Every structure is written in structure tokens, then in C-alpha cells.
Amino acid sequence: MTKLYKALTTVTLAGAIAALSAPAMARDTISIVGSSTVYPFATVVAERFGRNTDFATPKIESTGSGGGLKLFCQGVGTQHPDITNASRRMKKSEFDMCQANGVKEITEVRIGADGIVMANSKEAEKLDLSLKQIFLALAKDVPNPDGSNELIANPYMNWSEIDASLPNIAISVMGPPPTSGTRDAFVELAMESGCKQFPMIAQMEDDNEDKFKTVCQSMRDDGPFVEAGENDNLIVQRLAQDPETLGIFGYSFLMENTGQIQAATVNGVEPTPEAISSDQYPVARSLWFYVKKAHVGVVPGIQEYISEFSSEGAWGDNGYLVDVGLIPSPRNERMKIAKAVKELAPMTGNEL
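The chain goes by Phosphate ABC transporter substrate-binding protein in an unreviewed UniProt entry, where it is assigned to Marinobacter psychrophilus.

Shown next, in the form of C-alpha cells:
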């Protein structure tokens, strides 16, 4: 064997080993994916964490709740995310996917609450919408207006066609895609609740739950509802340009843009921190993040980052996250969750 052949063989073997081991190489930056709604809160914590500690500022990607959980559950190893944010609770199917892929120990953290708003430009008329009207405006199929017990393709193109008290303008609503936790929460809290106002559809929940879900959760695709992607800031920009369009997004984005946009009341209730935390506002939901215990101690700073996030200075009643729109959990609940964070208490799956 020639020296050249030996050298080439050694180089080739070294390259192959490097290629195989590259995904598993250690990194010094926490990798976080997930919800666009939780993204602003996580970013504020990450920036403070990077400024005030010796750890690198975590890298955060806004992938949507469903997309983040899919990435998170793909496996253990530094080629996979350490934490995923979610604007809805993990589904049992997602927990099972994690388990099947070796992501066995997961700590669940409820960080607080948020409301989902339907907002428009301050240059436009402020709307007072009922859950029933929201369903009629945005559902793919609705009860026939003639009063017969049949479902037809949504015929409503103007708000005033739904109710004469609403403005005579075209229904134009921008909202999140199916991968978004905001979308999941909106169809469950707003669309399903509005759907149940019709006895013929409410009865379906007992008779044929799959059909009920399809009718109540299917958004129209004929123009009045437009999927706007995961970037809620783009929706806000569009609302400022088009006073007749409404947008669906988290309360925190309303807080950040109160100079430009206003929220509709839903069933006569304003989306305020008090109304959201007390469940008086009909479209309120919890916010979460999930931690992969196997990565703690491998990627530096994970325990310290989640401890910062779950500190009273961050998510407490007077914490800095309140300033960017987070609705804090009750104090006794925060204390219980902070203890679970410190202990990295694993989920069992029975919570879901």
C-alpha cells in the first residue's frame, strides 16, 4: 500500500467520521422553536439572559406551535431543538411521537395566559362581534339562511349580510395557518363555540363528533379569510394599510400596536388582562413551553434560562413580561410550576 493511498484512506475515513458525528457535536447556544405568540416573551427573556449571564443568547425560531413540536419530537441530540414554545397544550399524539423517537423526559411549563383578538385599524369602525357572527363570517359551510336544516357553502360576503347592525363592508379577515397554535385555539374557542349556537350542529357533537369537528373547524377558502403565515407583525402592517380588514392574533401583539389597531369586543367583552385571566373574555388560552431533559447539562444554560423564565421577576404580577402583554397565572400556580421547573419534573402523558 503506497503512502499516498494510506494518506487518502486516512483523510477519507476522517471525513466520513466527521460527517457522521457532525449532527451530534456539542453546541453552546440553546435552540428554541415554536409558537409565534410565545416568541416575543421568549425573546425578551433570552435577551436579558444573554445580557446578564455568561451564557450565549438563545437562538429562537418562530415555526408555529405545531411545527415546533414536530421538530422538538424528532429526537434527542444537539441537532434537535432543546425547547419548544406553544400557544396551546401539547397533544397526546405529539407526546406519543416524542416517546417513540426517544424524547422520553419532557418538562411542561405553563407560562401564563393570552387572549386571541380580532382587530382592525383605529381608522375603522370598532366592531362588537358575537361568537355566532364570527362563525358565520369565517366557516366554510354554514346553516342555510332560509331556516332549513341543511349546511351550504358560506354565502356571506359582507358583514351586514350576517347582521344588519354590522357595517356594510366586505368580510376580509387575515389569520394564522393550520400549523399555528393561535389557529388551533381560535377554531376551538371561537369557531366551535359559535358553531354550537345552532342546535342542528350542536346535536352533531353527540351523533357524529368527526362531522361536528369538520363543520365547526373548517375555515372558508373562497377569499374572505386569508392565511397570513406565522408572522403576526405582517398582519398588523396590513391592518394599518387597509382599514376594512381584520386580523386574528394574540393579545400581546395588540398591546405592542395600540397606537395603530383596536380590538373588537366578543360577546360584548373587551379583551383586557382582567377579562382574560378571569376567563370572562371568550377567546382566551394558556401559553406553554416544553423542555427536553436529555439536553440539560449537554447544551449549557438550559436550566438557567428556564429558571429565569419562571422567576417572579419575569412572569410575576409585576414582572417584565407583563409589560409586553403576558397575563400572569395565579401566584399559587406559578409557585407550583416554578418548583416543577427546578426539579425538571417529567410529564407522564396522563395530563393531556
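Continuing now.
Engineer: Would you explain the packing of aromatic side chains in this entry?
Structural biologist: On inspection of all chains with the given rule, the structure shows five aromatic pairs. Judged by centre distance (5.6 Å) and plane angle (5°), the ring pair of Phe-49 and Phe-55 falls under stacked. A residue is classified by how much of its surface remains accessible, and Phe-49, at 3% relative accessible area, is buried. Summarising the aromatic geometry, the rings of Phe-135 and Phe-198 are spaced 6.0 Å apart at their centres and angled 50° between planes, so their arrangement reads as tilted. With Phe-135 in helix 5 (residues 131-138) and Phe-198 in the loop between helix 7 (181-195) and helix 8 (199-202), this residue pair connects regions lying 63 residues apart in the sequence. Like Phe-198, Phe-135 is buried.

Engineer: Just checking my understanding: could you explain the state of the cysteines for this structure?
Structural biologist: Cysteine pairs can be linked by a disulfide, which is a covalent bond between their two sulfur atoms. In this structure the tally under the stated criterion is two disulfides. The residue that forms a disulfide with Cys-73 is Cys-98, at a sulfur-sulfur distance of 2.0 Å. An S-S torsion of about -75° defines the bridge between Cys-73 and Cys-98 as left-handed. Linking Cys-73 in the loop between helix 3 (65-72) and strand 3 (83-86) with Cys-98 in helix 4 (residues 92-100), this pair joins segments that are 25 residues apart in sequence.

Thresholds, definitions, all that
Residues numbered from 1 in each chain as written. Predicted model: local features only at pLDDT ≥ 70, side-chain atom pairs only at ≥ 80, totals over all residues. Heavy atoms only, no water. Phe/Tyr/Trp six-rings, centres within 6.5 Å; stacked < 30°, edge-to-face > 60°. Buried < 20%, exposed > 50% of the residue type's maximum accessible area, 1.4 Å probe, protein only. Helix = DSSP H or I, 4+ residues; strand = E, 2+ residues; numbered from the N terminus. Disulfide = S-S within 2.5 Å.

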